[in-house]
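Geometric and topological summary
Each chain, written out:
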Amino acid sequence: EKVLASWFARLEYNYCQKYLLSLSFRSDGSSTFGKNNRWGNFPTVAAAWTFSEEPFVQALPWLNFGKFRASWGKSGKHFESNYLALGIMKVGTSSYLGNPTIEPVWYDGLYNPGLTWEATYQYDFGLDMDFLAHRLSITADYYYRYTDKLLAQIRLSGSHNNYFCQWRNTAAISNEGLEVLIKYEIFRRPE
């Protein structure tokens, strides 16, 4: 059994197709986490400036369109396993006085009420430009992504009632990139 509850809000602003702003906020609660961290909050913000709408740029005959973009956001991922934080036990393979025993077998995982969302933070910067009557287009984007609190199984020192490992939010990874798209329209039908 798995339960997910969410709510979402968004605010957008557009002034004369020149200045654009978008704010959003999402809050998710999932039963897959420990009791101390059921809810995760995920805000985002994005802004853009269409500088080709400015009078000092419109005087340039070779530039038809130009826009700067920037955004930042946080997103989360919950676990595939429904009961990973609970250290589930099940009927064992051995018996005592003819009765089945209980043993921990859920990934050898000790109960962890602190398990929480895997969180990804990302920001992007972009530039869009059109030249020569929109025949030549250039789009460039730079992004950086950092994922924190990745799930990993940690070996425990000693013995904890036959639990030898515990799932924890312990790992992190980051990556970044630059993407450039150049498009030129060689053949164009007359309008």
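Residues numbered from 1 in each chain as written. Predicted model: local features only at pLDDT ≥ 70, side-chain atom pairs only at ≥ 80, totals over all residues. Heavy atoms only, no water.

With that settled, the discussion passes to the packing of aromatic side chains. Under the definition given, this model contains 11 aromatic pairs. Ring geometry for Trp7 against Phe25: centres 5.5 Å apart, planes inclined by 45 degrees, an arrangement best described as tilted. Here Trp7, found in strand E1 (residues 4-15), pairs with Phe25, found in strand E2 (residues 19-30); they are 18 residues apart in sequence, far enough to count as distant. Exposure remark for Trp7: the relative accessible area of 45% places this residue in the partly exposed category. With 5.6 Å between their ring centres and 65 degrees between their planes, Tyr123 and Phe125 make a pair best called edge-to-face. (Phe/Tyr/Trp six-rings, centres within 6.5 Å; stacked < 30°, edge-to-face > 60°. Helix = DSSP H or I, 4+ residues; strand = E, 2+ residues; numbered from the N terminus. Buried < 20%, exposed > 50% of the residue type's maximum accessible area, 1.4 Å probe, protein only.)

Right, let's get into the pairing of E1. Every other side chain in a regular strand lies on the same face of the sheet, so the side chains alternate between the two faces. Here E1 runs beside E2; their pairing, made up of 12 bridges, is antiparallel. The residue bridging Trp7 from the neighbouring strand is Ser27, located in E2. Hairpin connection from E1 to E2: three residues lie between these consecutive antiparallel strands, with Cys16 at a positive phi of about 55 degrees. (Pairing = 2+ DSSP bridges.)

Glancing now at unusual backbone geometry. Within the chain, Gln17 stands out as a residue other than glycine whose phi angle is a positive 55 degrees. Residue position: Gln17 is located in the loop between E1 and E2. Phi angles above zero are rare outside glycine, and Ala133 is one such case at about 60 degrees.

What follows deals with the side chain of Asp130. In this structure, Asp130 sits in strand E7 (residues 118-131). There is no salt bridge for the buried Asp130, and the closest opposite charge comes from Lys183, which lies 7.2 Å off by N-O distance. Here His134 takes part through its side chain, which lies 3.1 Å from a polar atom of the side chain of Asp130. Here the side chain of Asp130 touches Ser137 through a polar contact of 2.9 Å, side chain to side chain. Not counting chain neighbours up to four residues away, the residues in contact with Asp130 comprise Trp62, Leu63, Asn64, Phe65, Leu136 and Ser137. (Lys, Arg positive; Asp, Glu negative; His and termini not counted. Salt bridge = Lys/Arg side-chain N within 4 Å of Asp/Glu carboxyl O. Polar contact = N/O pair within 3.5 Å; in protein donor to acceptor, adjacent residues only side chain to side chain. Contact = heavy atoms within 4.5 Å.)

In this section: the layout of surface pockets. Its volume calculated, the largest pocket comes out at about 180 Å³. What lines the largest pocket is a set of 14 residues, and nearest its centre among them are Ala46, Ala47, Ala48, Arg69 and Ala70. Only E2, strand E3 (39-49), strand E4 (63-77) and E7 provide two or more residues apiece to the lining of the largest pocket. Looking at the lining of the largest pocket element by element, the count peaks at four residues for E4. In terms of residue class, the lining of the largest pocket is made up of seven nonpolar, three polar and four charged. (1 Å grid on protein atoms, 1.4 Å probe; cavity = no way out; pocket = protein on both sides within 12 Å on 5 of 7 lines; lining within 4 Å. Points joined across faces, edges and corners; volume = space filled by probe spheres on them. Nonpolar A, V, L, I, M, F, W, Y, C, P; charged D, E, K, R; others polar.)

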